[in-house]
Number of protein chains: 4
Amino acid sequence: MAIRAAVAGASGYAGGEVLRLLLGHPEVTIGALTGNSNAGQPLGALQPHLPQLADRVLEPTAPGVLAGHDVVFLALPHGQSAAVARELGDDVLVVDCGADFRLKDAGEWERFYGTPHAGTWPYGLPELPGAREALHGARRIAVPGCYPTAVSLGLLPAYAAGLAEPEAVIVAASGTSGAGKAAKPHLLGSEVMGSMSPYGVGGGHRHTPEMAQNLSAAAGEPVTVSFTPTLAPMPRGILATCTAKARPGVTAEAVRAAYGKAYADEPFVHLLPAGQWPATGAVLGSNTVQVQVALDEAAGRIVAVSAVDNLTKGTAGGAVQSMNLALGLPEELGLPVTGLAP
Amino acid sequence: MAIRAAVAGASGYAGGEVLRLLLGHPEVTIGALTGNSNAGQPLGALQPHLPQLADRVLEPTAPGVLAGHDVVFLALPHGQSAAVARELGDDVLVVDCGADFRLKDAGEWERFYGTPHAGTWPYGLPELPGAREALHGARRIAVPGCYPTAVSLGLLPAYAAGLAEPEAVIVAASGTSGAGKAAKPHLLGSEVMGSMSPYGVGGGHRHTPEMAQNLSAAAGEPVTVSFTPTLAPMPRGILATCTAKARPGVTAEAVRAAYGKAYADEPFVHLLPAGQWPATGAVLGSNTVQVQVALDEAAGRIVAVSAVDNLTKGTAGGAVQSMNLALGLPEELGLPVTGLAP
Amino acid sequence: MAIRAAVAGASGYAGGEVLRLLLGHPEVTIGALTGNSNAGQPLGALQPHLPQLADRVLEPTAPGVLAGHDVVFLALPHGQSAAVARELGDDVLVVDCGADFRLKDAGEWERFYGTPHAGTWPYGLPELPGAREALHGARRIAVPGCYPTAVSLGLLPAYAAGLAEPEAVIVAASGTSGAGKAAKPHLLGSEVMGSMSPYGVGGGHRHTPEMAQNLSAAAGEPVTVSFTPTLAPMPRGILATCTAKARPGVTAEAVRAAYGKAYADEPFVHLLPAGQWPATGAVLGSNTVQVQVALDEAAGRIVAVSAVDNLTKGTAGGAVQSMNLALGLPEELGLPVTGLAP
Amino acid sequence: MAIRAAVAGASGYAGGEVLRLLLGHPEVTIGALTGNSNAGQPLGALQPHLPQLADRVLEPTAPGVLAGHDVVFLALPHGQSAAVARELGDDVLVVDCGADFRLKDAGEWERFYGTPHAGTWPYGLPELPGAREALHGARRIAVPGCYPTAVSLGLLPAYAAGLAEPEAVIVAASGTSGAGKAAKPHLLGSEVMGSMSPYGVGGGHRHTPEMAQNLSAAAGEPVTVSFTPTLAPMPRGILATCTAKARPGVTAEAVRAAYGKAYADEPFVHLLPAGQWPATGAVLGSNTVQVQVALDEAAGRIVAVSAVDNLTKGTAGGAVQSMNLALGLPEELGLPVTGLAP
């Protein structure tokens, strides 16, 4: 009766986090683990924080290896998911942690990724209006990007309630695991410790159209997004500062009421008490999103801040939450809400 | 049928970690939470990583508040546990995360702590020879110090197998949470980030006699300990480098065999494969201890290295593990073995 | 012939950085060092990175102690500078690293600081139009705040060239030394390492009116500022992401040209080559400001990013640069332009 | 009259630090800068903290490029220095930051490095007995390793004064820049932040015979060294905890006196006042070594702790200090003694 899950790309950060969560999931047993250049190696050398799986050996990412599972998680580089998914039957739940099937607009995909659009799958952010319903019974899921998760949950209530003008300005700081495990000089510890720097400035980050897609859906009109990501000296976590001009007459009470109503029943979104602000350190390893919002009356802007763990709620936790919905399990099953602090 | 647990000192790091683990323990419900200067405040402002308990208000640490629980965890400053425990009946399990009842030798206690010795309770390091038996059914437990946990598990097999001379030289690096949550200038982020420094050099650290007590028990003869703790720029984790001169004729194979045998059945001690070395980053938030050992033939020394999370296996995890044994529950119940990485 | 300088508040981070720079200044000798609660202690225990001054003992911050110097640097808590300065003759150069004399608008001062306005001194940001001239021969200098330094240098060219609408949206990340050396729980290493969090959200940060004052002066019209500061897990450095809507018809070439022209002759502002982005790690300990700018055409916004060391260019370096101008010395004298990296 | 210096390997951490120091040296002008795979690139893209040299382009490491300089600094991978040095005339001062010419014993070299021994050059640790004299007028200098610098200065006085038994046990923590700038997965920021781990355990680290060589020379008898290096989550700095059994009858006063006498006239070694312990954070970017020592009477061991910046005193600072001596310049010229803190 247990659900058998395979993980393709088990040696990376996203794959490792999927495994960490599945090890704590009461209905899942872990099947095949695959890698690319690491195939043949024991997982213990690659993910030493998962001692239960230390002796499991990575297999190649091949259809025969992934066949025969109830769920297959794909934690692959962008562009590789479609080919793998095609080989898996329609009865298999495929949960793609990559970007390939997130965007609805093929033109936007091609503009930001430079390759043909593979298609659009049900989007694994249950907190979006309508998303939960679309995930029930789904057999293909596109897990949102880590930044779009943080940013969408930061601004959705403002746009859904019609409180904000359709031009969002967002600056987010991310831990380095968001950049993956491939060794690149600018990601060396010596380079990142003690330093902050931006990247993809000026609208180039690939998560930008995904944010615009989500916020526009909530607003019912096109929302433009100015997004600047920065790299912070920490392994995990995203702090997203999300601002938008307030519509005329909007009050602080109205803003707070909209957020309170939007998140009253959300199991993983924690709107903090007035005066307390999110900290990524409070959500590490958890599926919790901390949100807070203020109205800056002098500047006329709504300022919402959200904190998520980019690997948990921002990737693997969102994936498991969506899997639960797709399989008809309780949405919260196996997902930690306590963070590891300090 | 659930076990009702109170936590005295719930606003500190040790108390917070006890709560984090108890929230994941299937047989425990959380009762009273007490504080000292923080009494009256909601826990959400003090431990924002525990959203389930955000609205719980701290009560004063008083007998009437702690009465009526099956288990009381004490996470108090040294010297306060005896008075609290005296008020709790003999049928209540009292688990003291402080130092008061760890040492057997009253003279050593007085020499290192400068106060009268309160007594000796069963010692909560189940991996020590004989300790598991003493914990079964116990109603008072002294949780080991974080450094003694790491160091004892690093060197026990060498001493128990008679492989090492009775003079240990140990240098350990600890994350800053080991120093607690009281605001002191030298613990500011500005001071600790990017810096390493020693403290208590020359034998003065209060954990030294506890290490000597454990290693001497294993060796069957008095073991002297040279211990130097250092403060490392990370919130959690202890890396203990433990060396002792090898007895004549000791071989690398004999050393490895002794460690393999000692830890073959230990659920939380993970002797790594040859060539892989412990990293505190692999055990964060888990009750796992990573151990590795080598024989330096040129220098004639056994070098063992262990990694623990000072707050989990080094404090709260050890406390819950011992509670499980005392109450006749499965030893591993509710205790994570996966670390949070990266 | 040497200039004799006293430092009031020598035990804090700003005072320590002033001393570090003065030790490398060829025309300055260091006179009295004063403290408040630390008076009577040797500096070696408080600023161990300044071994040349290890045996110097802090004196109380009193007029008799500060008298007889050519320059007095004040690194005191806000509100204390006026009383000290009043006791010092008009021939003494007083360089105030605090906020007391930065704002021109008494109403803004009272709204943000809650105390009567002490006055306005020449403003120590030489890169501002007209500032250099005002500093020549000055005997009172108000050193800018660290955030206003970073933000003003990020956006000045855009406003001075009339390229941006008068509503700036700014998010900045600061190292923890910006919060000073007073021990507060939320500044503990355990709390800040591995975490990002905002503070003063919604317009409350006291540096906001100072930014508005500078940007408005450049624009020639009132500029509103939405400013969100965040605390980053690093000891030093500010990364300021500064955005403003581009005026109609503004091109990327026009933006770049404006920045190139504005900073062509500035000794400490380094406009990076196209494609290279600022990193705080590259300016640590230096008086250098790294600036880069882009036009996000889809969002219609100018995005400028600047990186400074909050203690050097953001405080003590700006102070020494202004002192040089006031005393008729070469502006760059004694000021490092190389950062300490990695 | 200025000294013209070339730097081979200018894109790495050691080369960058040599350049940082030479930019502040009043008698040196910077000539050719060479790289290997980075030849042809501007230095600004590789060492953004050196804005004065941003437009300098790296040339290939070839004899014709390095010819015509008074001093050539080699910051090359081990094994490449001999070939380069052979092409440079005997009148050129060659300062090798690599290991090739450090060891006197060819057998030890071959055992640890696995290649034929290239020879032995005057050793650039002026604080060693006799070293200063050997450096005067030298035209070839072998700069010590970073760990041997810290460890030798930690234990030299104890051995030179005959206070310690000839078996040293050393554990040192190093910042990640010691491992260089080549991108390797285990050096990623995500891996090293928040984690400590050992490496080269059991006697395998290549710096071990160099430490033994230095300590044996001071002791006048062979000293064996048990050395365990650990990787700490910080970019720079080495904290070396160095212990040895005290000879019978040795007192704390005798130990302190020996250290006081040894370092009384050393410009860069700062023996701290009793009770104050070294911190790497206090020496960042400086050529200063902080040293402290205690006698652990219960364990019968001398415990000395030293802190250096691995790139400054541990590499480039030691190189420039030795260059000064070789060229007859004041030993301290151009070398910072203040650290960058916090």
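These numbers were taken from a predicted model, which means no experiment stands behind them.

Some points on the pattern of salt bridges
- For the structure on display, the rule yields 48 salt bridges over all chains.
- Close ionic contact of C:Glu17 with C:Arg20 constitutes a salt bridge, the shortest N to O distance being 2.9 Å. Residue C:Glu17 and its partner C:Arg20 are both found in helix α1 (residues 13–23); the two are separated by three residues, about one turn of the helix.
- Overall, the relative accessible area of 0% leaves C:Glu17 in the buried class.
- Here D:Arg247 ties to D:Glu221 by a salt bridge, and the two come within 2.9 Å at their closest N and O atoms. Remark: D:Glu221 occurs in the loop between α9 (208–219) and β9 (224–231) and D:Arg247 occurs in the loop between β10 (238–246) and α10 (252–263); sequence separation between them is 26 residues.
- A residue is classified by how much of its surface remains accessible, and D:Arg247, at 26% relative accessible area, is partly exposed.
- Sharing partners across several salt bridges, the network here consists of A:Glu17, A:Arg20, A:Arg236 and A:Asp309.

Let's talk about the packing of helix α7 (residues 146–160) of chain D against α10(D)
Residues and elements named next belong to chain D.
- Interaxial distance between α7 and α10 falls to 8 Å at its minimum, and their mutual angle equals 115°. Both α7 and α10 take part in a crossing whose hand is right-handed. Touching Ser-152, Leu-153, Gly-154, Leu-155, Leu-156, Pro-157 and Ala-158 of α7 are Ala-258, Tyr-259, Ala-262 and Tyr-263, all from α10.
- Class assignment of the residues belonging to the contact of α7 with α10 gives a composition of nine nonpolar, two polar and no charged.

Focus on the packing of helix α7 (residues 146–160) of chain A against helix α11 (residues 312–326) of chain A
All names here are of chain A.
- The contact between α7 and α11 brings their axes to 8 Å, and the two run at 100°. Viewed along their axes, α7 and α11 adopt a mutual orientation that is roughly perpendicular. Packed against α7, whose contacting residues are Cys-146, Thr-149 and Leu-153, the element α11 presents Lys-313, Gly-314 and Thr-315 at the interface.
- Here the residues of the contact of α7 with α11 sort into two nonpolar, three polar and one charged.

So, the sheet that holds strand β1 (residues 3–8) of chain B
Residue and element names in this part refer to chain B.
- The strand order across the open sheet built from six strands is β3-β2-β1-β4-β5-β6, with neighbouring strands paired in parallel fashion. Looking along the sheet, the strands with just one partner apiece sit at the ends: β3 (59–60) and β6 (140–142).
- The pairing of strand β5 (residues 93–96) with β6 spans three bridges and is classified as parallel. Of the residues in β6, the one forming a bridge with Val-95 is Ile-141.
- Helix-sheet contacts for helix α11 (residues 312–326) involve β2 (28–35), β4 (71–74), β5 and β6, and the interaxial angle to β4 is about 155°.

Description of the relation of the copies chain A and chain D
- For the pair chain A and chain D, the superposition axis carries a translation of 0.0 Å, the fit reaches an RMSD of 0.0 Å, and the rotation angle comes to 180°. Overall, the copies show the geometry of a two-fold rotation axis. Judged by C-alpha distance, A:Gly189 is the residue of chain A that lies nearest the rotation axis, at 1.7 Å.

Concerning the state of the cysteines
- Tallied over the entire structure, the rule returns zero disulfides over all chains.
- Unpaired in terms of disulfides, A:Cys242 finds its nearest cysteine sulfur in A:Cys146, a separation of 13 Å.
- Looking at D:Cys97, it has no disulfide partner, and the nearest cysteine sulfur is the one in D:Cys146, 11 Å off.

Description of the relation of the copies chain A and chain C
- Note on the copies: chain A fits chain C at an RMSD of 0.0 Å, the axial shift is 0.0 Å, and the rotation between them is 180°.
- A share of 100% of interface residues in chain A that are also interface residues in chain C marks the association as one of identical surfaces.

Thoughts on the UniProt feature "active site" (unreviewed entry) in chain A
Residue and element names in this part refer to chain A.
- UniProt marks Cys-146 with the feature "active site" (unreviewed entry), using the numbering shown here.
- Looking at the secondary structure, you find Cys-146 in helix α7.
- A residue is classified by how much of its surface remains accessible, and Cys-146, at 12% relative accessible area, is buried.
- Apart from the residues within four sequence positions on either side, Cys-146 is in contact with His-207, Ile-238, Asn-310, Gly-314 and Thr-315.

Focus: the interface of chain A and chain D
- With 19 residues of chain A at the interface, the matching set in chain D holds 19 residues.
- At the boundary of chain A with chain D, total buried surface from both sides reaches about 1400 Å², with 65% on carbon and sulfur atoms.
- Looking only at chain A, the three residues that lose the most surface to chain D are A:Leu188, A:Ser190 and A:Met193, adding up to 42% of its buried area.
- Where chain A meets chain D, there are zero salt bridges.
- Our count for the chain A to chain D interface comes out at eight residue pairs in polar contact (both at pLDDT 80 or more).

Examining the packing of aromatic side chains
- The tally for this structure, following the rule as stated, stands at 16 aromatic pairs over all chains.
- Where C:Tyr259 meets C:Tyr263, the ring centres are 6.5 Å apart and the plane angle is 70°; that geometry is what we call edge-to-face. Of the two residues, C:Tyr259 and C:Tyr263 both sit in helix α10 (residues 252–263), four residues apart, roughly one turn of that helix. C:Tyr263 matches C:Tyr259 in its accessibility class, with the two residues each being buried.
- With 5.0 Å between their ring centres and 70° between their planes, D:Tyr147 and D:Phe227 make a pair best called edge-to-face. A residue pair is termed long-range when its members are at least 10 positions apart, and D:Tyr147 in helix α7 and D:Phe227 in strand β9 qualify at 80 residues. Across the pair, exposure class does not vary: D:Tyr147 and D:Phe227 are buried alike.
- For A:Arg140, the ring lying beneath its charged end belongs to A:Trp121, and the centroid distance is 5.8 Å.

Considering the pairing of strand β9 (residues 224–231) of chain A
All names here are of chain A.
- Burial within β9 is extensive, with seven of its eight residues counted as buried.
- As defined by bridge partners, strand β7 (residues 164–174) adjoins β9 across eight bridges and the pair is classed as parallel. Paired with Ala-172 across the strands is Pro-229, a residue of β9.
- Taken together, the two bridges between strand β8 (residues 197–198) and β9 define a ladder with antiparallel strand orientation. Each residue of the ladder has a partner; that of Pro-198, found in β9, is Thr-230.

As for α7(A)
Residue and element names in this part refer to chain A.
- The end-to-end C-alpha distance of α7, which contains 15 residues, comes to 21 Å, matching closely the 21 Å that a straight helix rising 1.5 Å per residue would cover.
- Maximum bend of α7: about 35°, positioned at Gly-154, with proline Pro-157 one to four residues after it.
- In terms of residue burial, α7 counts as a mostly covered element, since 14 of its 15 residues are buried.
- A positive backbone phi angle near 70° is found at Gly-162, which sits one or two residues after α7.

Parameters and conventions
- Residues numbered from 1 in each chain as written.
- Chains lettered and ligands numbered in written order.
- Predicted model: local features only at pLDDT ≥ 70, side-chain atom pairs only at ≥ 80, totals over all residues.
- Heavy atoms only, no water.
- Salt bridge = Lys/Arg side-chain N within 4 Å of Asp/Glu carboxyl O.
- Helix = DSSP H or I, 4+ residues; strand = E, 2+ residues; numbered from the N terminus.
- Buried < 20%, exposed > 50% of the residue type's maximum accessible area, 1.4 Å probe, protein only.
- Axes fitted to C-alpha atoms, helices over the stretch in contact; angles between N-to-C directions.
- Left-handed = near helix turned anticlockwise from the far one by under 90°.
- Contact = heavy atoms within 4.5 Å.
- Nonpolar A, V, L, I, M, F, W, Y, C, P; charged D, E, K, R; others polar.
- Parallel < 35°, antiparallel > 145°, perpendicular 65-115°, else oblique.
- Pairing = 2+ DSSP bridges.
- Least-squares fit on C-alpha atoms with pLDDT ≥ 70 in both.
- Disulfide = S-S within 2.5 Å.
- UniProt positions renumbered as here; feature names shortened; annotations may be inferred.
- Buried area = accessible area lost by both parts, 1.4 Å probe.
- Polar contact = N/O pair within 3.5 Å; in protein donor to acceptor, adjacent residues only side chain to side chain.
- Phe/Tyr/Trp six-rings, centres within 6.5 Å; stacked < 30°, edge-to-face > 60°.
- Lys NZ or Arg CZ within 6 Å of the ring centre and 35° of its normal.
- Expected span 1.5 Å × (residues − 1).
- Bend = angle between axes of the 7 residues up to and from the residue.

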